[in-house]
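# Architecture and fold: a report
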Amino acid sequence: MGMWKGLDCISRDNLGQIQGIRLRETVKYAYENVPFYRHKMGEAGIVPEDIATLEDIIKLPFTTKEDMRSNYPYGMFAASMEEIIRLHASTGTTGRPVVMGYTRRDLENWSEQVARICMMAGVKTSDIVQISFGYGLFTGGFGLHYGLEKLGATVVPFSSGNTERQLTLMRDFQTNVLVSTPSFALYMAEVAETLGLEPAGYGLRLGLFGGEPCSDLMRQEIEKKWGMKATLNYGLTEIVGPGVSGECECRSGMHICEDHFFPEIIDPESGQKLPPGEEGEIVFTSLTKEGVPVLRYRTRDITALLPEECPCGRTTQRMDYITGRTDDMLIVRGVNVFPSQVEEILGQVKEVSPHYRLVVHREKDYIKDMEVHVELTPEGFTDSFPEIQKIEDKITSRLKTVLSLNLKVRLMEPKSLERSTGKAQRIVENEEAVAE
Ligand code: ADP
Ligand code: ZN
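Criteria and thresholds
Residues numbered from 1 in each chain as written. Chains lettered and ligands numbered in written order. Predicted model: local features only at pLDDT ≥ 70, side-chain atom pairs only at ≥ 80, totals over all residues. Heavy atoms only, no water. Near = heavy atom within 4 Å. Polar contact = N/O pair within 3.5 Å; in protein donor to acceptor, adjacent residues only side chain to side chain. Areas by Shrake-Rupley, 256 points an atom, 1.4 Å probe, with all protein chains shown as cover. Helix = DSSP H or I, 4+ residues; strand = E, 2+ residues; numbered from the N terminus. Nonpolar A, V, L, I, M, F, W, Y, C, P; charged D, E, K, R; others polar. Core = buried A, V, L, I, M, F, W, Y, C linked by side-chain atoms within 4.5 Å. Buried < 20%, exposed > 50% of the residue type's maximum accessible area, 1.4 Å probe, protein only. Contact = heavy atoms within 4.5 Å. Pairing = 2+ DSSP bridges. Patch = residues over 30% accessible without salt bridge, like charges linked within 9 Å, V, L, I, M, F, W, Y side chains within 5 Å. Salt bridge = Lys/Arg side-chain N within 4 Å of Asp/Glu carboxyl O. Donors = N, O, S within 2.8 Å, 3.2 Å for Na, K, Ca; no water. Tetrahedral: all angles 85-135°; square planar, octahedral: opposite > 155°, others 65-115°. Domains from an automatic or database assignment. Buried area = accessible area lost by both parts, 1.4 Å probe. Axes fitted to C-alpha atoms, helices over the stretch in contact; angles between N-to-C directions. Parallel < 35°, antiparallel > 145°, perpendicular 65-115°, else oblique. Phe/Tyr/Trp six-rings, centres within 6.5 Å; stacked < 30°, edge-to-face > 60°. Lys NZ or Arg CZ within 6 Å of the ring centre and 35° of its normal. Right-handed = clockwise from strand over helix to strand, strands pointing away.

### Focus on the site of ligand 1
- Taken together, 15 residues sit near ligand 1, with T91, N233, T237, D301 and K423 positioned nearest.
- At 3.0 Å from a nitrogen atom of ligand 1 is found a main-chain nitrogen or oxygen belonging to G211.
- A distance of 3.3 Å is found between a nitrogen atom of ligand 1 and a backbone nitrogen or oxygen belonging to E212.
- Look at ligand 1: alone it shows 570 Å² of surface, and the protein chains cover 93% of it.
- Ranked by residue count, the leading element in the shell around ligand 1 is strand 7 (residues 229–236), at 4 residues.
- Across the shell around ligand 1, the residue classes break down as 5 nonpolar, 5 polar and 5 charged.

### Quick look at the nonpolar core
- Of all hydrophobic cores here, the largest spans 88 residues; its most connected members are V123, L148, W226, Y234, F284 and M319.
- Broken down by element, the residue count for this core peaks at 9 residues, all from helix 5 (residues 104–121).
- The residues contacting M319, other than those within four sequence positions of it, are Y234, S245, G253, M254, I256, I282, F284, T303, A304, L305 and L306.
- One finds L346, V349, I388 and I395 within the second-largest nonpolar core, a separate group that totals 26 residues.

### Quick word on the pairing of strand 8 (residues 241–247)
- The element strand 8 is extensively covered by neighbouring structure, given that 7 of its 7 residues are classed as buried.
- Both strand 7 and strand 8 contribute to a ladder of 4 bridges, which runs antiparallel. Following the sheet pairing, L236 is matched in strand 8 by G241.
- Hairpin connection, strand 7 to strand 8: the antiparallel pair is bridged by 4 residues.
- Where strand 8 lies against strand 9 (residues 254–256), 3 bridges are found, and the strand directions are antiparallel.

### With respect to a nonpolar patch on the surface
- Where nonpolar side chains cluster on the molecular surface, the patch consists of Y74, M81 and L87 and spans about 270 Å² of accessible area.
- One can find Y74 in the loop between helix 4 (65–70) and strand 1 (84–89).
- Classification of Y74 by relative accessible area gives partly exposed; the value is 40%.

### So, the coordination of the zinc ion (ligand 2)
- Here the zinc ion (ligand 2) is held by C248 (SG), H255 (NE2), C310 (SG) and C312 (SG), and the distances to it run 2.1 to 2.3 Å.
- Coordination at the zinc ion (ligand 2) is tetrahedral, judged from the 4 donor atoms that bind it and the angles of 103 to 116 degrees they form at the metal.
- In terms of primary sequence, the donors binding the zinc ion (ligand 2) are separated according to C-x6-H-x54-C-x1-C. On the criterion of sequence distance, the pair formed by H255 in strand 9 and C310 in the loop between strand 12 (297–306) and strand 13 (318–319) is long-range, its members being 55 residues apart. The same class applies to H255 and to C310, which are both buried.

### Structural notes on the domain arrangement of the protein
- The assigned domain composition of the protein is domain 1 (2–326) and domain 2 (331–429).
- Taken together, the 22 residues of domain 1 in the interface contact 16 residues of domain 2.
- Approximately 1600 Å² of surface area, both sides summed, lies buried where domain 1 meets domain 2, with 60% of it carried by carbon and sulfur atoms.
- Of all residues in domain 1, Y187, E190 and L217 bury the most surface against domain 2, accounting for 30% of the area lost on that side.
- Inspection of the domain 1/domain 2 interface yields 1 salt bridge.

### A look at the packing of helix 7 (residues 163–172) against helix 8 (residues 182–194)
- Two elements in contact, helix 7 and helix 8, have axes separated by 10 Å at closest approach and are oriented at 80 degrees. In terms of their interaxial angle, helix 7 and helix 8 are classed as roughly perpendicular. Here T163, E164, Q166, L167 and M170 of helix 7 come into contact with helix 8, specifically with F184, Y187, M188, V191 and A192.
- For the contact of helix 7 with helix 8, the residue count by class is 7 nonpolar, 2 polar and 1 charged.

### Quick look at unusual backbone geometry
- Backbone torsion omega between Y72 and P73 reads -5 degrees, so that peptide bond is classified as cis.
- With respect to the secondary-structure elements, P73 resides in the loop between helix 4 and strand 1.
- The backbone of Q174 sits at a positive phi, close to 55 degrees, despite the residue not being glycine.
- Mapped onto the elements of the fold, Q174 is located in the loop between helix 7 and strand 5 (177–180).
- Of note in the backbone geometry, R296 takes a positive phi value of approximately 45 degrees without being a glycine.
- Given the relative accessible area of 3%, R296 is considered buried.

### A short note on the packing of aromatic side chains
- Going through the model one piece at a time under the given rule, you end up with 9 aromatic pairs.
- Seen from their ring centres, F133 and F138 are 5.7 Å apart, and the 85 degrees between their planes marks the pair as edge-to-face.
- For F138, a relative accessible area of 31% gives the class partly exposed.
- Judged by centre distance (6.4 Å) and plane angle (15 degrees), the rings of F142 and Y146 are stacked. Of this pair, F142 and Y146 are both found in helix 6 (residues 139–151), 4 residues apart, which corresponds to roughly one turn of the helix.
- Classification of F142 as partly exposed rests on a relative accessible area of 25%.
- Through successive ring pairs, a cluster of aromatic residues spans Y135, F142 and Y146.
- Looking at R298, its charged tip hangs above the ring of F62, at a distance of 5.4 Å from the centre.

### What to know about the pairing of strand 18 (residues 366–376)
- Of all 11 residues that make up strand 18, 8 are buried, and the element is covered over most of its length.
- As paired strands, strand 17 (residues 352–363) and strand 18 are joined by 9 bridges and run antiparallel to one another. The residue bridging V360 from the neighbouring strand is M370, located in strand 18.
- A loop of 2 residues connects strand 17 with strand 18, the two strands running antiparallel in sequence, and K364 in this loop sits at a positive phi of about 55 degrees.
- Pairing analysis gives 5 bridges linking strand 18 to strand 19 (residues 408–412), with the strands arranged parallel. Bridge assignment links H373 to a residue of strand 19, and that residue is R410.
- Between the parallel elements strand 18 and strand 19, the chain passes through helix 11 (residues 385–403) in a crossover that is right-handed.

And the structure:
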């Protein structure tokens, strides 16, 4: 186990050397084995030898989700089916899914990456860990599973759904660590309460949450209800799944497994590389993957790299929390809005909970209007109309100050919005507008 912390603590110089060697290998390997990359590099007028240092990476063309989709299912694979031993796929809600293939060494590396982020989060070998991520094509369940086994914790592979049974077994098995999406952790707490049980009585001490954004408000709510410490981690199918980065005990950004994934931040519009500290789209290049190597993959996730050293002693760079996905960005009457901005504002209003929806009214491709539906907390609940009006006005005026948009706010009864056992859906299309 010490070895994994060791990997996160090597000197920046050594790390840079390792990354340089691995980058050259990966570029050559992708060029020789994936016609897509050979073609793309040909178009850009470069050959693998042009990428001699880490700085040269900017010469490489980007890879997009569209590229992965149009090469469905196996066009991006560098290894043969002889060598591939596992497939996973992204949810594919907006078109063809993206398929990932893993060689034996890829799976070993992935387990190591996940073990590292679990260790950073504070999981111990004596912990009993319930995995409530779906097991299946989704990378969450199996990703955490093998990483936690590698670390040596006791794994309860529950998978998603079946909330009441999850709670029963959590109590019976004396589970003390939970792995899930943040929205499912909140939902489970609510189900426990409906059953007349106190979530804090379950004895969870630690949570590892990922797969979707988790605002400060959500995190506080989870911690308060369960009486646990909530940590966040990040990953995506196109790169590997979970295990790309995770929080250490300092909980100020997520350390990237930089010896496996080389990060860059770019301006999503111009594609220009941005200096450390600036916010933009995070781009990753895999440094050790055999099944599906990825060169400069545009994640669509918006964040920044944090240049300061972390007090924990790890030398790997941290990325900040994801403030949005470029594909989640809504343009409402010409104004760019990320759901996370609305969520942050809601987080400052004590009468409302982290359960909200953005109801979008479209006219053709154009968003004419958007309503914010948010639940009152049980404590904030009131049926006095003037009280409701007052809270709605407060939120409307804060939204206006921050976004320069006048949005209608509708307060909902506690527990009236649909809950998710996986990733929460924040944006919904207005039914009437669709029917028109
Ligand atoms: P998708 O959600 O696109 O179907 P994945 O299941 O691979 O595919 O999910 C990866 C995406 O989930 C990331 O690109 C990111 O937008 C989101 N995500 C994962 N972890 C986090 C996190 N800790 N915070 C915010 N967003 C996250
Ligand atoms: Zn740290």
